[in-house]
Amino acid sequence: MHLKTLTVRGFKSFASATTFQFEPGVTAVVGPNGSGKSNVVDALAWVMGEQGAKTLRGGKMEDVIFAGTSGRPPLGRAQVSLTIDNTDGALPIEYTEVTISRTLFRSGGSEYAINGATCRLLDIQELLSDSGLGRQMHVIVGQGQLDAVLHATGEERRGFIEEAAGILKHRRRKEKTVRKLEAMQANLTRLTDLTGEIR
Ligand code: ATP
């Protein structure tokens, strides 16, 4: 599995559609200070489902949308698509090439898609989590983040390992199911009360 292309449009400093092509192996992005190198990494994290505005170096999620320059007005939406080569089947989906996309509208709405079909954020997170590209984004190590890993508590460190091992997905599913069961139990209790009152 390797990243093939990344297309950004209206994302941070990339007002016009810009496509980056990656080959297997190491890719280096070079450029002057403030030219948008880190924005490329932010786009990768964002399309893979990152939900933390701070992780993306902004105050709120809307900050990822091109805010305009002296010569160009702000845009109404940010869109990022990432195409992943899946010939080795690392992603649990029957396609040799997978494109995940994320769009955020300034009006607030957002959309996610896998190979052009609209999906939920959860679908993207689950698709990626077995490959190590999990929702906690431990595959992207930002400036200063190494310190955070070195100073992590035991529990946080276990979280990193669980994410890497693909266990976290099952833990989250279990938590969701337990919440559903609790809601169901509350409904049953209410039903028992009602039938008791009717009798
Ligand atoms: P350095 O080498 O200093 O780390 P860099 O090449 O990594 O810099 P980035 O941090 O990726 O640069 O990009 C910063 C630039 O992106 C700034 O000029 C900033 O104004 C611009 N930028 C960030 N968010 C937006 C936005 N929403 N709209 C327009 N421009 C933005």
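Residue positions within a chain follow its written sequence, with the count starting from 1. Restriction of local features to residues with pLDDT of at least 70 applies here, the model being predicted, together with a cutoff of 80 or more for giving and counting side-chain atom pairs; totals for whole chains, interfaces and linings are based on all residues.

**With respect to the site of the ligand**
Okay, so step 1: Near the ligand you find 14 residues, and of these Asn 33, Lys 37, Ser 38, Asn 39 and Ala 67 are the closest.
Okay, so step 2: Taken together, the residues of the shell around the ligand sort by class into 3 nonpolar, 8 polar and 3 charged. Any residue qualifies as near a molecule or strand once its backbone-derived C-beta atom lies within 6 Å of it. For this scheme, ten residues count as nonpolar: Ala, Val, Leu, Ile, Met, Phe, Trp, Tyr, Cys and Pro. Four count as charged, namely Asp, Glu, Lys and Arg, and the remainder, Gly too, count as polar.

**Some points on unusual backbone geometry**
Okay, so step 1: One non-glycine residue, Arg 57, lies in positive phi territory at about 65°.
Okay, so step 2: Checked against the element boundaries, Arg 57 lands in the loop between helix H1 (37-47) and strand E3 (77-85).
Okay, so step 3: With a phi angle near 45°, Asn 115 is a residue other than glycine that sits in the positive phi range.
Okay, so step 4: Numbering of helices and strands runs from the N terminus; a helix is a DSSP stretch of H or I covering at least four residues, while a strand is a stretch of E covering at least two. Among the structural elements, Asn 115 can be located in the loop between strand E5 (110-114) and strand E6 (117-119).
Okay, so step 5: Look at Asn 115 and you get partly exposed, because 13 C-beta atoms sit within 10 Å. Burial in this document is a count-based property: other C-beta atoms within 10 Å of a residue's C-beta are tallied, and the residue is buried at 20 or more, exposed at 12 or fewer, or partly exposed in between, with C-beta positions derived from the backbone.

**Considerations on the sheet that holds E5**
Okay, so step 1: We call two strands paired when DSSP finds no fewer than two bridges between them. The 6 strands lie next to each other as E2-E1-E3-E4-E5-E6, forming an open sheet whose pairing is antiparallel. The outermost strands of the open sheet, each flanked by one partner alone, are strand E2 (18-21) and E6. Looking at each pair of strands side by side, their axes are set apart by 20° on average, direction ignored.
Okay, so step 2: Once C-beta atoms have been placed from the backbone, residue pairs whose C-beta atoms lie within 7 Å are recorded as contacts. In this analysis an axis means a line fitted to C-alpha atoms, helices contributing only their contacting stretch, and an angle means the value between N-to-C directions, from 0 to 180 degrees. Running at roughly 80° to E3, H1 makes contact with strand E1 (2-9), E2, E3 and strand E4 (97-105) of the sheet.
Okay, so step 3: Packed on one face of the sheet, helix H2 (residues 121-129) meets E4, E5 and E6 and runs near 40° to E5.

**Some thoughts on the confidence of the model for the chain**
Okay, so step 1: Of the residues in the chain, 97% reach a pLDDT of 70 or more, and the chain-wide mean stands at 90.
Okay, so step 2: As scored by the predictor, the complex reaches a pTM of 0.79 and an ipTM of 0.96. A score between 0 and 100, pLDDT records how confident the predictor is in each residue.

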